[in-house]
Amino acid sequence: MAYDMGEYYERVEDYDLEYQSQSELDQPFWRELVMRYTPQRVLELACGSGRIGLDLLHSPGAFQLEGLDVAPAMLAAYQRKLALESAEIQQRVTLHQGDMATYNLEHKGTYDLILLPFNSITHLYELEQQLGTFRNTFDHLAPNGRFVVDIFLPDIDYLSDALNRPSHVYLEDEIESPDGDFTMLLYSSRKYDPFEQLQHLVGTHEKFFETGDNERYLTKLDMHVFFPRELQLLFLATGFAIEAIYGDYDWKPFGKGTRQIVVGRKQH
Ligand SMILES: C[S@@+](CC[C@H](N)C(=O)[O-])C[C@H]1O[C@@H](n2cnc3c(N)ncnc32)[C@H](O)[C@@H]1O
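Scope of this entry: the structure provided in the associated data block. Bear in mind that the values here come from a model prediction, so they are computed numbers and not experimental data.

## Focus: the overall build of the protein chain
- Of regular secondary structure, the protein chain possesses eight helices and eleven strands.
- Taken along the three principal axes of its C-alpha coordinates, the protein chain extends 60 × 45 × 35 Å.
- In the protein chain, the proportion of contacts linking residues at least 24 apart, taken out of those at least 6 apart, comes to 68%.
- For the protein chain, the exposed surface amounts to about 12900 Å²; the carbon and sulfur share of it is 50%.
- Counting 23 positive and 43 negative side-chain charges, the protein chain places the averaged centre of each group 6 Å from the other.

Structure follows, in structure tokens:
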């Protein structure tokens, strides 16, 4: 089966603009996590354009940070942002282009923290990709290392709409560009396939420029919907113990928030 993802991660400037507000929610969580665990070597899977990684480099700790992503455009944007940082920060970071289901890095077996933030796990569509990622990550961790996965909790009303009313179009957001030269409106329509647990989003980005010009483009994005027991089983089936599950970025217990943030531990 072919899945849609490509074009969504090619317009990196719009991606960064769209998820600025997400940073206010999740960056403090990841900073606090790194302060609690005090790792020496951290790997972010599906690191994108460095939204989380670059922020972590400014939190306490002198850990080495590696980022892995499949999309060259996202990694190029990460690299451009990194070039604006001090030499001291730059030398702590290594970026890799690769697939999280099959990666094989030089420092395999020595990472004490591997992160998979902000729904990126939804891009693991097939069971083999999911198992491959978890097994591979287990092998890359040092003994007692942790794998932390962050994804939304499936919302039954949302999925029911996507299943039963796939033709509805939702206005998701209205965003001003930082220098005020355009306003971007984001619309989406959603379909849900309950057998494949696949959410298919079609997004329209519409930009209205101060000059009177406008631009519109379509993106398609497929996401695998992970139910809680399914995600927990992936950890257990690949050798991890589950150390904690949080329900949101404010460290609420699982079930009290809108997310599932699972901390898996390699116990030997
Ligand atoms: C929602 S973005 C998250 C990016 C970044 N972690 C953030 O929070 O802004 C998902 C990222 O996953 C990457 N991705 C998707 N499938 C992947 C795979 N199989 N291996 C590695 N990266 C992948 C995409 O290229 C994209 O950069």
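## Focus on helix α6 (residues 127–140)
- In a regular helix each residue adds 1.5 Å, so 14 residues correspond to 20 Å; α6 covers 20 Å between its end C-alpha atoms and thus fits that length.
- On its buried face, α6 is in contact with β1 (41–45), β4 (111–116), β5 (141–152), β9 (214–224) and α8 (228–237).

## Digging into the packing of aromatic side chains
- Inspection of the entire model under this criterion finds 15 aromatic pairs.
- Aromatic pair Phe 134 and Phe 235: ring centres 4.9 Å apart, planes at 90°, arrangement edge-to-face. Residue Phe 134 is located in helix α6, and its partner Phe 235 is located in helix α8; the two are separated by 101 residues in the primary sequence.
- Residue class for Phe 134 comes out buried when judged on its relative accessible area of 0%.
- Joined through ring pairs, the aromatic side chains of Phe 29, Trp 30, Tyr 246, Tyr 249 and Trp 251 make up one cluster.
- Stacked on the ring of Tyr 217, the Lys or Arg Arg 11 has its end atom at 3.5 Å from the ring centre.

## Notes on the side chain of Arg 259
- Along the polypeptide, Arg 259 turns up in strand β11 (residues 259–265).
- Of note is the side chain of Arg 259, whose polar atom sits 2.7 Å from the side chain of Asp 150.
- In contact with Arg 259, other than residues within four places in its own chain, are Phe 118, Asn 119, Asp 150, Ile 151, Phe 152, Leu 153, Tyr 246, Gly 247, Asp 248, Tyr 249 and Phe 254.

## Describing the environment of Ala 87
- Mapping Ala 87 onto the fold places it in helix α5 (residues 87–90).
- A relative accessible area of 61% means that Ala 87 is categorised as exposed.
- Along the backbone, Ala 87 and Val 263 are 176 residues apart, and their C-alpha atoms lie at a distance of 32 Å.

## Section: the pattern of salt bridges
- Scanning the model with the defined rule gives 15 salt bridges in all.
- Here Asp 26 makes a salt bridge to Arg 51, at a shortest N to O gap of 2.7 Å. With Asp 26 in helix α2 (residues 20–37) and Arg 51 in the loop between β1 and α3 (53–56), the pair connects residues that are 25 residues apart, well separated along the chain. For the pair formed by Asp 26 and Arg 51, the shared burial category is buried.
- A salt bridge links Arg 36 to Glu 32; its shortest N-O distance comes to 2.8 Å. Of this pair, Arg 36 and Glu 32 are both found in helix α2, four residues apart, which corresponds to roughly one turn of the helix.
- Looking at Arg 36, the relative accessible area reads 45%, which means it is partly exposed.
- In this structure, a network of salt bridges that share partners links the residues Arg 11, Asp 14, Lys 207 and Glu 215.

## Quick look at unusual backbone geometry
- Unusually for a residue other than glycine, Ala 46 sits at a positive phi of about 55°.
- Counting through the fold element by element, Ala 46 comes out in the loop between β1 and α3.
- Relative accessible area serves as the criterion here: at 19%, Ala 46 is assigned to the buried category.

## As for the pairing of β11
- Within β11, six of the seven residues are buried, which leaves the element mostly enclosed by the surrounding structure.
- With seven bridges connecting them, β5 and β11 associate as antiparallel partners. Following the sheet pairing, Val 148 is matched in β11 by Val 263.
- Sheet topology note: the strand β10 (residues 241–246)/β11 ladder contains five bridges and is antiparallel. Each residue of the ladder has a partner; that of Ala 244, found in β11, is Val 263.

Definitions and cut-offs
- Residues numbered from 1 in each chain as written.
- Predicted model: local features only at pLDDT ≥ 70, side-chain atom pairs only at ≥ 80, totals over all residues.
- Heavy atoms only, no water.
- Helix = DSSP H or I, 4+ residues; strand = E, 2+ residues; numbered from the N terminus.
- Contact = heavy atoms within 4.5 Å.
- Areas by Shrake-Rupley, 256 points an atom, 1.4 Å probe, with all protein chains shown as cover.
- Lys, Arg positive; Asp, Glu negative; His and termini not counted.
- Charge placed at Lys NZ, Arg CZ, Asp CG, Glu CD.
- Expected span 1.5 Å × (residues − 1).
- Phe/Tyr/Trp six-rings, centres within 6.5 Å; stacked < 30°, edge-to-face > 60°.
- Buried < 20%, exposed > 50% of the residue type's maximum accessible area, 1.4 Å probe, protein only.
- Lys NZ or Arg CZ within 6 Å of the ring centre and 35° of its normal.
- Polar contact = N/O pair within 3.5 Å; in protein donor to acceptor, adjacent residues only side chain to side chain.
- Salt bridge = Lys/Arg side-chain N within 4 Å of Asp/Glu carboxyl O.
- Pairing = 2+ DSSP bridges.

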